[in-house]
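Fold and geometry: a report
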Amino acid sequence: MKKLTQDEIRIFLDNSKGWNLKDNKLEKVFLFKDFRESVQFVNKIQLVADAMNHHPDICIYYNKVIIQLTTHDVDGITDLDVELAKKIDEIK
């Protein structure tokens, strides 16, 4: 796992589908029709995150899911965070 430089993070963000940098974490807000769809989305993320052994911070507000990614072991964003972000985008 490689901690990314600010330039590498910026390149990812510039080419991403709505990911932002907030408090040294990758963050994205996903909107759904209702709570059921929000939870179904999170359940799909759980399968991918478990397979990668890398887990996001997730907050659900009825029809809104906020995902934050960071690697606590290196106190920053790594290639693993970017990989998980891309996989999450494929789920939506």
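The paragraphs below set out a description of the structure included in this document.

How each quantity is defined
Residues numbered from 1 in each chain as written. Predicted model: local features only at pLDDT ≥ 70, side-chain atom pairs only at ≥ 80, totals over all residues. Heavy atoms only, no water. Axes fitted to C-alpha atoms, helices over the stretch in contact; angles between N-to-C directions. Helix = DSSP H or I, 4+ residues; strand = E, 2+ residues; numbered from the N terminus. Left-handed = near helix turned anticlockwise from the far one by under 90°. Contact = heavy atoms within 4.5 Å. Phe/Tyr/Trp six-rings, centres within 6.5 Å; stacked < 30°, edge-to-face > 60°. Buried < 20%, exposed > 50% of the residue type's maximum accessible area, 1.4 Å probe, protein only. Salt bridge = Lys/Arg side-chain N within 4 Å of Asp/Glu carboxyl O. Pairing = 2+ DSSP bridges.

How two helices pack is summed up by the angle between their axes together with the distance between the axes. Following both chains from N to C, one finds helix H2 (residues 35-52) and helix H3 (residues 79-91) inclined at 145 degrees, their axes separated by 10 Å at the closest point. For H2 against H3, the interelement crossing comes out right-handed. Between H2 and H3, the contacting residues are Phe41, Lys44, Ile45, Val48, Ala49 and Met52 on the first element and Leu80, Glu83, Leu84, Lys87, Ile88 and Ile91 on the second.

Moving on: the packing of aromatic side chains. The full count for this structure, using the stated rule, is three aromatic pairs. Look at Trp19 and Phe30: their rings are 6.3 Å apart centre to centre, the planes differ by 75 degrees, and that puts the pair in the edge-to-face class. Placement of the pair is Trp19 in the loop between helix H1 (6-15) and strand E1 (20-22) and Phe30 in strand E2 (residues 25-31), with a sequence separation of 11 residues. Ring geometry for Phe30 and Phe41: centres 4.8 Å apart, planes at 50 degrees, overall tilted. Here Phe41 lies in helix H2 and Phe30 lies in strand E2, a separation of 11 residues in the sequence. We note that Phe30, like Phe41, is buried. Here the aromatic cluster, defined as three or more aromatic residues joined through ring pairs, consists of Trp19, Phe30, Phe32 and Phe41.

With that settled, consider the pattern of salt bridges. Counted according to the given criterion, the structure contains three salt bridges. Residue Lys28 pairs with Asp89 through a salt bridge whose shortest N-O separation is 2.7 Å. In this pair, Lys28 sits in strand E2 while Asp89 sits in helix H3, placing the two residues 61 residues apart along the sequence. Judged by relative accessible area, which is 11%, Lys28 ranks as buried. Judged by relative accessible area, which is 14%, Asp89 ranks as buried.

As a further point, take the sheet that holds strand E4 (residues 64-69). By definition, the strands of a sheet pair up through backbone hydrogen bonds, in either a parallel or an antiparallel sense. In spatial order, the strands read E1-E2-E4-E3; together these four strands make up an open sheet with antiparallel pairing. Of all the strands in the sheet, the pair left with one neighbour each is E1 and strand E3 (57-61). Here the strands of the sheet are splayed against their neighbours by 30 degrees on average, with no regard to which way each runs. Examined bridge by bridge, E1 and E2 share three bridges and lie antiparallel to one another. Paired with Lys22 across the strands is Lys25, a residue of E2. Set on the sheet, H1 makes contact with E1 and E2; between it and E1 the angle comes to about 135 degrees. Seen against the sheet, H3 touches E2 and E4 and runs at an angle of roughly 10 degrees to E2.

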